Amino acid sequence: MATVKRIKLGSQGLVVSAQGLGCMGMSFLYGPPKPEPEMIDLIHHAINSGITFLDTSDIYGPHTNEILLGKALKGGFRERVELATKFGISLLQDGKGEYCGDPAYVRAACEASLKRLDVDCIDLYYQHRIDTRVPIEVTMGELKKLVEEGKIKYIGLSEASASTIRRAHTVHPITAVQLEWSLWSRDVEEDVIPTCRELGIGIVAYSPLGRGFFSSGPKLAKSFTEGDYRKHLPRFQPENLEHNIKLFERVNEIARTKGCTPSQLALAWVHHQGDDVCPIPGTTKIANLNENIKALSVKLTPEEMAELEAIASADAVKGERYASVANTYKNADTPPLSSWKPS
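Structure report, in brief.

Scoring rules and cut-offs
Residues numbered from 1 in each chain as written. Predicted model: local features only at pLDDT ≥ 70, side-chain atom pairs only at ≥ 80, totals over all residues. Heavy atoms only, no water. Salt bridge = Lys/Arg side-chain N within 4 Å of Asp/Glu carboxyl O. Helix = DSSP H or I, 4+ residues; strand = E, 2+ residues; numbered from the N terminus. Buried < 20%, exposed > 50% of the residue type's maximum accessible area, 1.4 Å probe, protein only. Polar contact = N/O pair within 3.5 Å; in protein donor to acceptor, adjacent residues only side chain to side chain. Contact = heavy atoms within 4.5 Å. Axes fitted to C-alpha atoms, helices over the stretch in contact; angles between N-to-C directions. Parallel < 35°, antiparallel > 145°, perpendicular 65-115°, else oblique. Nonpolar A, V, L, I, M, F, W, Y, C, P; charged D, E, K, R; others polar. Left-handed = near helix turned anticlockwise from the far one by under 90°. Pairing = 2+ DSSP bridges. Right-handed = clockwise from strand over helix to strand, strands pointing away. Phe/Tyr/Trp six-rings, centres within 6.5 Å; stacked < 30°, edge-to-face > 60°.

1. Notes on the pattern of salt bridges
Line of reasoning, step 1. Applying the stated rule across the entire model yields 26 salt bridges.
Line of reasoning, step 2. One salt bridge in this structure joins Glu98 and Arg133, with 3.7 Å as the shortest N-O distance. Residue Glu98 is located in strand β7 (residues 97-99), and its partner Arg133 is located in the loop between β8 (122-127) and α4 (136-148); the two are separated by 35 residues in the primary sequence.
Line of reasoning, step 3. Residue classification places Glu98 among the partly exposed positions, given a relative accessible area of 29%.
Line of reasoning, step 4. By relative accessible area, Arg133 is classed as partly exposed at 47%.
Line of reasoning, step 5. Here Glu304 ties to Lys258 by a salt bridge, and the two come within 3.1 Å at their closest N and O atoms. Highlighted residues: Glu304 in helix α12 (residues 302-311) and Lys258 in helix α9 (residues 238-258), separated in sequence by 46 residues.
Line of reasoning, step 6. Shared partners join several salt bridges into a network, and the residues in it are Arg107, Glu111, Glu142, Lys145, Glu149 and Lys151.

Structural data, given as structure tokens:
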């Protein structure tokens, strides 16, 4: 029986589970890919528990995570989910990626994702990262065509600046913006979140548990396996981690008094930001998924919210989210449309 409430995401009609499932770690960046049968069981368990908003991207794997979801959604599961995937990071011959918002690429990426997912339509299609060489209006123009053709239902942006969101929204309504938001990533509250709310755009919070930090605390950094991308993130470097552990300890203290885990408390804080916010914690374990769902039942008073926000103030965390700010909304403005010369 479903235990997860449903919320409206954005103003165009998309309704999703109040908590989603980030699928990246099943196939990509957080160590070796996990066994496919186990991950399919996990996805089915999530859906049967009421978590129906599934998040992937063509770059996860690359490609293998979409293929995994395509297999998991066979047998009647497709009709029960809201499926989100992303484009925007094209692979070069040397294996590195570059951001791409060129119309021809947008269309080719969408066609390829439809094939890998083995679906007729993608519910929510995000631009994963903003191509600062291509006016956002040009990229959005192609996405609008894909909506009109029935290949995608709703359009999203990920790590987009407030000005880019505004410009994109004039071409076609943006349904959701995906961004990193948690007790240790709050910079979006200044400009991006208010812009989304002004325009009626839903907010999808990725890494709401600080990439696992609020689940495991200091021991997380000691357990990274070979190939785990988090090893290289600034916040997990020894010179920053020692400071950041203090935040985990304070959150853990409050969680103990509330009778919940620190990860449930951190997730509940995101849920309490409003009914226009859907966090998408990722996991590869059914026990962790069940624990995350219980965060929906953790009620926080205004005083507890204020206490958490005082602990998680701007200077509470040391280290940037990424090694390069180019990966974030802070460098996500595009040239004016008047500058565009199609190739």
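2. With respect to the side chain of Asn65
Line of reasoning, step 1. Structurally, Asn65 is set in helix α2 (residues 64-72).
Line of reasoning, step 2. Here Asn65 falls in the buried class, since its relative accessible area comes to 0%.
Line of reasoning, step 3. A polar contact of 2.9 Å, which involves the side chain of Asn65, links it to the backbone oxygen of Cys23.
Line of reasoning, step 4. Ignoring any residue separated from it by four or fewer positions in sequence, one finds Asn65 in contact with Cys23, Met24, Met26, Ser27, Thr56 and Tyr60.

3. A look at the packing of α2 against helix α3 (residues 103-117)
Line of reasoning, step 1. The N-to-C vectors of α2 and α3 enclose an angle of 45°; their axes lie 7 Å apart at closest approach. Between α2 and α3, the interaxial angle falls into the category oblique. Contacts between α2 and α3 pair Glu66, Ile67, Leu69 and Gly70 from the former with Ser113, Arg116 and Leu117 from the latter.
Line of reasoning, step 2. Grouping the amino acids of the contact of α2 with α3 by side-chain chemistry returns 3 nonpolar, 2 polar and 2 charged.

4. Some points on unusual backbone geometry
Line of reasoning, step 1. With an omega of -5°, the peptide bond between Gly61 and Pro62 qualifies as cis.
Line of reasoning, step 2. Within the fold, Pro62 resides in the loop between β4 (53-55) and α2.
Line of reasoning, step 3. The phi dihedral of His63 is positive, around 80°, even though this residue is not glycine.
Line of reasoning, step 4. Note that His63 resides in the loop between β4 and α2.

5. Some remarks on the packing of helix α5 (residues 162-171) against helix α6 (residues 192-199)
Two quantities define a packed helix pair, namely the angle between the helix axes and the distance between the axes.
Line of reasoning, step 1. Axis separation between α5 and α6 bottoms out at 9 Å; the angle between their running directions is 20°. Judged on the interaxial angle alone, α6 and α5 are roughly parallel. When you trace α5 past α6, the crossing you get is right-handed. Here α5 contributes Ala162, Ile165, Arg166 and His169 to the contact with α6, which in turn contributes Val192, Thr195, Cys196, Glu198 and Leu199.
Line of reasoning, step 2. Here the residues of the contact of α5 with α6 sort into 5 nonpolar, 2 polar and 2 charged.

6. A look at the pairing of β8
Line of reasoning, step 1. The buried count for β8 comes to 6 of 6 residues, which makes it a mostly enclosed element.
Line of reasoning, step 2. For β8 and strand β9 (residues 152-158), the ladder comprises 5 bridges, and the chain directions are parallel. Directly across from Tyr125, in β9, lies its bridge partner Ile155.
Line of reasoning, step 3. Each parallel crossover has a hand, and for β8 linked through α4 to β9 it is right-handed.

7. Quick look at the packing of aromatic side chains
Given two aromatic rings, one states the distance between the centres and the angle between the planes to describe the pair.
Line of reasoning, step 1. Per the stated rule, a full pass over the model turns up 10 aromatic pairs.
Line of reasoning, step 2. With centroids separated by 5.0 Å and ring planes inclined at 35°, the aromatic side chains of Phe87 and Tyr125 adopt a geometry described as tilted. With Phe87 in strand β5 (residues 82-87) and Tyr125 in strand β8, this residue pair connects regions lying 38 residues apart in the sequence.
Line of reasoning, step 3. We classify Tyr125 as buried; its relative accessible area is 0%.
Line of reasoning, step 4. Relative to Phe214, the ring of Phe213 has its centre 5.4 Å away and its plane inclined at 75°; by these criteria the two rings are edge-to-face.

8. Here's the deal with the sheet that holds strand β11 (residues 202-206)
Line of reasoning, step 1. Reading across the sheet, the 8 strands line up as β3-β4-β5-β8-β9-β10-β11-β12 and stay open at both edges, with parallel pairing between neighbours. Two strands in the sheet have a free side with no partner beyond their single neighbour: β3 (20-22) and β12 (277-279). Shown here is a sheet whose adjacent strand axes are inclined to one another by a mean of 25°, direction ignored.
Line of reasoning, step 2. Where β11 lies against β12, 3 bridges are found, and the strand directions are parallel.

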